[in-house]
Amino acid sequence: MNLTHHQLATRHMATEVEHINRLIYTKDLTVTKAKEMLAVAAQAASQHCTGCTIKFGINAGRAWFNVL
C-alpha cells in the first residue's frame, strides 16, 4: 500500500501528538516543552509533504494538529 505525501505527514504527526498527549497526561511534560516538541514534529512531518501546511497547538491540556 502506497501512502500519499499528505497521509505520511498526517501519520507522522498523529504518532507524535499521541506520544506528547500521553506525556502531558502523566505530567512528565510541561506545556512549553510540548509546544517545542510539536514544532520539531511538524518540521519533520513537513519533509514528507512539502506543499502541506501543518498547524498545531495545545488546547485544554491536549495537543492537536491539522495537515492542510
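Residues numbered from 1 in each chain as written. Predicted model: local features only at pLDDT ≥ 70, side-chain atom pairs only at ≥ 80, totals over all residues. Heavy atoms only, no water.

**Here we look at the overall build of the protein**
Along the protein, the regular secondary structure elements total two helices and two strands. Along the protein, from the amino end to the carboxyl end, the secondary structure elements read α-α-β-β. A globule of 68 residues ought to have a C-alpha radius of gyration of about 11 Å, and the protein, at 12 Å, matches this closely. Principal axes of the C-alpha set define a box for the protein whose edges measure 35 × 20 × 15 Å. (Helix = DSSP H or I, 4+ residues; strand = E, 2+ residues; numbered from the N terminus. Rg over C-alpha atoms; globule rule 2.2 N^0.38 Å.)

**Re the pairing of strand 1 (residues 54-59)**
Bridge count between strand 1 and strand 2 (residues 62-67): six bridges; the pairing is antiparallel. Each bridged residue has a counterpart across the sheet, and for N59 the counterpart in strand 2 is R62. Counting the residues in the hairpin turn of strand 1 and strand 2 gives two residues, including A60, whose phi is positive at 55 degrees. (Pairing = 2+ DSSP bridges.)

**Concerning helix 2 (residues 31-46)**
Three or four residues apart is the spacing at which side chains of an α-helix point the same way, because the helix has 3.6 residues per turn. The end-to-end C-alpha separation of helix 2 is 22 Å, in line with the 22 Å expected for 16 residues at 1.5 Å each. Those residues of helix 2 lying buried are A34, L38, A41, A42 and A45. One face of helix 2 carries all of its buried residues, which in axial projection span an arc of 100 degrees. Within helix 2, the exposed residues directed more than 90 degrees away from the buried face are T32, V40 and Q43. (Expected span 1.5 Å × (residues − 1). Buried < 20%, exposed > 50% of the residue type's maximum accessible area, 1.4 Å probe, protein only. Arc of directions from axis to C-beta.)

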